[in-house]
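# Remarks on the overall topology
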Amino acid sequence: ILNVEQSPQSLHVQEGDSTNFTCSFPSSNFYALHWYRWETAKSPEALFVMTLNGDEKKKGRISATLNTKEGYSYLYIKGSQPEDSATYLCACRTGANNLFFGTGTRLTVIP
Amino acid sequence: KAGVTQTPRYLIKTRGQQVTLSCSPISGHRSVSWYQQTPGQGLQFLFEYFSETQRNKGNFPGRFSGRQFSNSRSEMNVSTLELGDSALYLCASSRDRATNEKLFFGSGTQLSVL
């Protein structure tokens, strides 16, 4: 079992604020890091999959970085909007090919 | 293109019963994974199937089993249900088992064990 940790557990921000959260994972035997967005009453939806140290991905106002040597990834949201309110999950894939999820960061954007 | 379909959406069972959940992946996807979500816990990996073979299994008791059919549809079975099995069960599909393949999730089956 891989220990994937996310912080903070929950976060409230004002509309227009930028925010970021962290995903930590063991750096040994690393294969890929996934970020998913899970809105209430919907299915988790993939945001990014990153495999290389130093990878940076961007999708609109959301971006992510990856540091495989120190075992962390950051997710950034620029100018948060109420529709960004969701739980953001990260997951780490190891050499055994299992995908281990963190418990998520629950983001609430206050209008 | 249709998404991942899980049936039923909700299920209520009593302790000791067994249950079968179904997952139809996106057309062309050959890998299906199952996850359990309970309050306060992350998604816990149950198992993964690819081309009708179980490729990986999580740390769950033998009461949890699954299978995959030739059309890639998958079923998950839980026998002798316990109260602690109450959870949201999600399945996810991907095209193959490449490490950079993202997962596409279904809406889940909410199982309540009374």
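As the structure is a prediction and not an experimental result, all values here were calculated from the model. (Residues numbered from 1 in each chain as written. Chains lettered and ligands numbered in written order. Predicted model: local features only at pLDDT ≥ 70, side-chain atom pairs only at ≥ 80, totals over all residues. Heavy atoms only, no water.)

The interface of chain A with chain B comprises 20 residues on the first partner and 22 residues on the second. Carbon and sulfur atoms supply 59% of the area buried between chain A and chain B, which totals about 1600 Å² over both sides. Counting across the interface, chain A meets chain B through zero salt bridges. Here chain A and chain B share three residue pairs in polar contact (both at pLDDT 80 or more) between them. Contributions of two or more residues to the side of chain A that touches chain B are made by β4 (30-38), β5 (45-50), β9 (86-94) and β10 (99-101) of chain A. The element that contributes the greatest number of residues to the side of chain A that touches chain B is β4(A), accounting for five residues. For the side of chain A that touches chain B, the residue count by class is 12 nonpolar, seven polar and one charged. (Contact = heavy atoms within 4.5 Å. Buried area = accessible area lost by both parts, 1.4 Å probe. Salt bridge = Lys/Arg side-chain N within 4 Å of Asp/Glu carboxyl O. Polar contact = N/O pair within 3.5 Å; in protein donor to acceptor, adjacent residues only side chain to side chain. Helix = DSSP H or I, 4+ residues; strand = E, 2+ residues; numbered from the N terminus. Nonpolar A, V, L, I, M, F, W, Y, C, P; charged D, E, K, R; others polar.)

One pass over the structure, following the stated rule, counts 12 aromatic pairs over all chains. Seen from their ring centres, A:F25 and A:F30 are 5.1 Å apart, and the 25 degrees between their planes marks the pair as stacked. Both rings, one in A:Y36 and one in B:F105, keep their centres 5.5 Å apart while their planes meet at 90 degrees; by these two values the pair is edge-to-face. Taken as a pair, A:Y36 in strand β4 and B:F105 in strand β10 (residues 104-105) lie in two separate chains rather than in one. (Phe/Tyr/Trp six-rings, centres within 6.5 Å; stacked < 30°, edge-to-face > 60°.)

Our next topic: the pattern of salt bridges. If charged atoms from side chains of opposite charge come close, those side chains can pair. Evaluated as defined, the whole model comprises nine salt bridges over all chains. Among the ionic pairs, A:E39 bridges to A:R37, the shortest N-O distance being 3.2 Å. Among the residues examined, A:R37 registers a relative accessible area of 13% and is labelled buried. The partner of B:R63 in a salt bridge is B:D85, and the shortest N-O contact between them spans 2.8 Å. Highlighted residues: B:R63 in the loop between β6 (53-57) and β7 (64-68) and B:D85 in the loop between β8 (74-78) and β9 (87-94), separated in sequence by 22 residues. Just as B:R63 is buried, B:D85 falls in that class too. Each of A:R37, A:E39, A:K42, A:R61 and A:D84 takes part in one network of salt bridges that share partners. (Buried < 20%, exposed > 50% of the residue type's maximum accessible area, 1.4 Å probe, protein only.)

Let us look at the state of the cysteines. The tally for this structure, following the rule as stated, stands at two disulfides over all chains. Between the sulfur of A:C23 and that of A:C90 lies a disulfide, 1.9 Å long from S to S. Between A:C23 and A:C90, the S-S dihedral sits near 75 degrees, and the bridge is therefore right-handed. One end of the pair, A:C23, is in strand β3 (residues 19-24); the other, A:C90, is in strand β9, and 67 residues separate them in sequence. Across the pair, A:C90 and A:C23 agree in class, each one buried. Through a disulfide, B:C23 is tied to B:C91; the S-S separation comes to 1.7 Å. Disulfide B:C23 to B:C91: torsion about the S-S bond roughly 55 degrees, handedness right-handed. One end of the pair, B:C23, is in strand β3 (residues 19-24); the other, B:C91, is in strand β9, with 68 residues separating them in the sequence. We note that A:C92 lacks a disulfide partner, and the nearest cysteine sulfur, in A:C23, lies 7.2 Å from it. (Disulfide = S-S within 2.5 Å.)

By themselves, these are just geometric observations and shouldn't be taken as functional.
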